[in-house]
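# Observations on the three-dimensional arrangement
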Number of protein chains: 2
Amino acid sequence: MTSQKALSTTESGRKVKLTQDEQVYAHIFDAILEQRLAPGTKLNEESLGEIFGVSRTIIRRALSRLGHEQVVVLRPNRGAVVASPTTEEAKQIVYARRIVEKAVTELVIEHSTPEQLRLLRKQVQEEQQCFVQGDKGAGIRLSGEFHLKMAEMANNPPLLSFQRSLVSQCSLIIAQFELSNQSHCSYDEHFELIDAIERKDKDKAVSLMMHHLDHIEDKLNLDEEPASDNLREVFSNVLGNKS
Amino acid sequence: MTSQKALSTTESGRKVKLTQDEQVYAHIFDAILEQRLAPGTKLNEESLGEIFGVSRTIIRRALSRLGHEQVVVLRPNRGAVVASPTTEEAKQIVYARRIVEKAVTELVIEHSTPEQLRLLRKQVQEEQQCFVQGDKGAGIRLSGEFHLKMAEMANNPPLLSFQRSLVSQCSLIIAQFELSNQSHCSYDEHFELIDAIERKDKDKAVSLMMHHLDHIEDKLNLDEEPASDNLREVFSNVLGNKS
DNA sequence: ATATTCTTTAGTGTGTACAATAATGGGCGC
DNA sequence: GCGCCCATTATTGTACACACTAAAGAATAT
């Protein structure tokens, strides 16, 4: 190993240093956000180490961080798996997001500069592009990053870090509960939201944000539990015939 | 090492398993909450390892978790120190807590059972006892745990984990900004709050909670920056004479 | 045949050695 | 004497080896 750090480029073009575990963390995080890693997937430390060319020590740090953000579940002596929230947990997560998003929206209206809003709008255009071009994975990730950008603009680091955890968990929820043929089209609502923020129309902005979350929650009520490891439930119809 | 786990006793008397790093984490966490560890204190991995009789591996995990909760700051290649929030950061933390505490209070009114409230009241009595007996450290910790208990009763794990991070950071803030001769007497307000919750008086409960936070924030406006490592500011009077 | 226990094995948990880094103090030229 | 550079040292970062755990399959007794 020649160096502990590597150079990476942010969207602003500035070079920033990333430690190895941050890189691994980011890769796994993105894979989950882009739904390339399905809920319930086992995350084997040794395999991941080979994939990323680092020792288990680094993988462990990354998994530990993901664990703390509740994006993966760390089961003692039994390894890590991508979290698969139940409907109950999903509702709690969406509830928490409601609270955070309301505060974030209000803060953004108070604090954001026109330049920041311009960049935000540009990002939503990228998001739109992805969906149009059929790159659903990147689209979902950018959709999440819209909300992270908002939290950044709110200028409140503790809220941002909480939002980070909530957004990634929401992505998992969408991965589990969303009907595959049902498209997101979140970018429409994102554009509307930016418009309301520019007009400093707090009520409209907050209500748009709440609608946004309603859409997620609606799906939770429609579908029952997700396709899961609960065999008894999966074959309840058969059991019903027999008993 | 004969075993990876150890037995510990919770306040409810139930035996639970704690991994080594959880124990170390809890010890450091409590030390910070009880203000036995001052903001800015360097946390040397090897020293801590000797103190707790474990290897740096375990210490590292504990520090990493504390780092994620923003209770300690992890500076790459330069080790961990107990966080010392600026007034600016302190205000952001208190703001975040306002949002969370409001939601928690409302949820507790809706969800909590009489039995839970009885236990909560009992805990505040302990807190009172500590202050009366002059054990300020334990009092401050129990004061924090009151708010954690509330978040637990709100029955929303994501909110609880965020609250955990916020409460410990608030404890740091109090450690830095509070005038030493000024007593807390938080237990009075805690009793009032429980009363309001029992009456299901949402408005009163929320407003009590907000007042509680006002008290912290007031101090931030009174004192300027805390006694800190910023030498330029500490000697600004001298500089003023010279220039 | 079934249940129980033992054995095996894959994989996680921890300690430790070594590498890389940043801070400190001494040496050197000016 | 003053400032710069290099060596030294203390401390963190990483890899790896071994210890421990738990799950799966084989062997045995009932």
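Residues numbered from 1 in each chain as written. Chains lettered and ligands numbered in written order. Predicted model: local features only at pLDDT ≥ 70, side-chain atom pairs only at ≥ 80, totals over all residues. Heavy atoms only, no water.

As annotated in an unreviewed UniProt entry, chain A carries the name GntR family transcriptional regulator and is attributed to Motiliproteus coralliicola.

Attention now goes to the UniProt feature "domain: HTH gntR-type" (unreviewed entry) in chain A. This chain's UniProt record puts "domain: HTH gntR-type" (unreviewed entry) on residues 18-85 of chain A. Secondary structure within residues 18-85 of chain A divides into 51% helix and 18% strand; the distance between the first and last C-alpha atoms comes to 30 Å. (UniProt positions renumbered as here; feature names shortened; annotations may be inferred. Helix = DSSP H or I, 4+ residues; strand = E, 2+ residues; numbered from the N terminus.)

This part is about the packing of aromatic side chains. Residue and element names in this part refer to chain B. Throughout the structure, instances matching the rule amount to 5 aromatic pairs over all chains. Geometrically, the ring pair formed by Phe 131 and Tyr 187 is tilted, given 5.9 Å between the ring centres and 35 degrees between the ring planes. With Phe 131 in helix 5 (residues 114-132) and Tyr 187 in helix 8 (residues 186-198), this residue pair connects regions lying 56 residues apart in the sequence. For Tyr 187, a relative accessible area of 13% translates into the label buried. Here the guanidinium or amino end of Arg 65 rests over the ring plane of Tyr 25, the centre of that ring lying 3.8 Å away. (Phe/Tyr/Trp six-rings, centres within 6.5 Å; stacked < 30°, edge-to-face > 60°. Buried < 20%, exposed > 50% of the residue type's maximum accessible area, 1.4 Å probe, protein only. Lys NZ or Arg CZ within 6 Å of the ring centre and 35° of its normal.)

This paragraph deals with the nonpolar core. In terms of nonpolar packing, the biggest core is built from 82 residues, with Met 150 of chain A together with Met 150 of chain B touching the most fellow members. Among residues more than four places away in sequence, those in contact with Met 150 of chain B are Val 104, Thr 105, Val 108, Leu 120, Leu 193, Ile 197 and Met 209 of chain B. (Core = buried A, V, L, I, M, F, W, Y, C linked by side-chain atoms within 4.5 Å. Contact = heavy atoms within 4.5 Å.)

The interface is formed by 26 residues belonging to chain B together with 26 residues belonging to chain A. Both sides of the chain B and chain A interface together cover about 2200 Å² of buried area, and 56% of this is carbon and sulfur. Of all residues in chain B, His 68, Gln 92 and Phe 162 of chain B bury the most surface against chain A, accounting for 24% of the area lost on that side. Where chain B packs against chain A, one counts 0 salt bridges. On the surface where chain B and chain A come into contact, there are 5 residue pairs in polar contact (both at pLDDT 80 or more). (Buried area = accessible area lost by both parts, 1.4 Å probe. Salt bridge = Lys/Arg side-chain N within 4 Å of Asp/Glu carboxyl O. Polar contact = N/O pair within 3.5 Å; in protein donor to acceptor, adjacent residues only side chain to side chain.)

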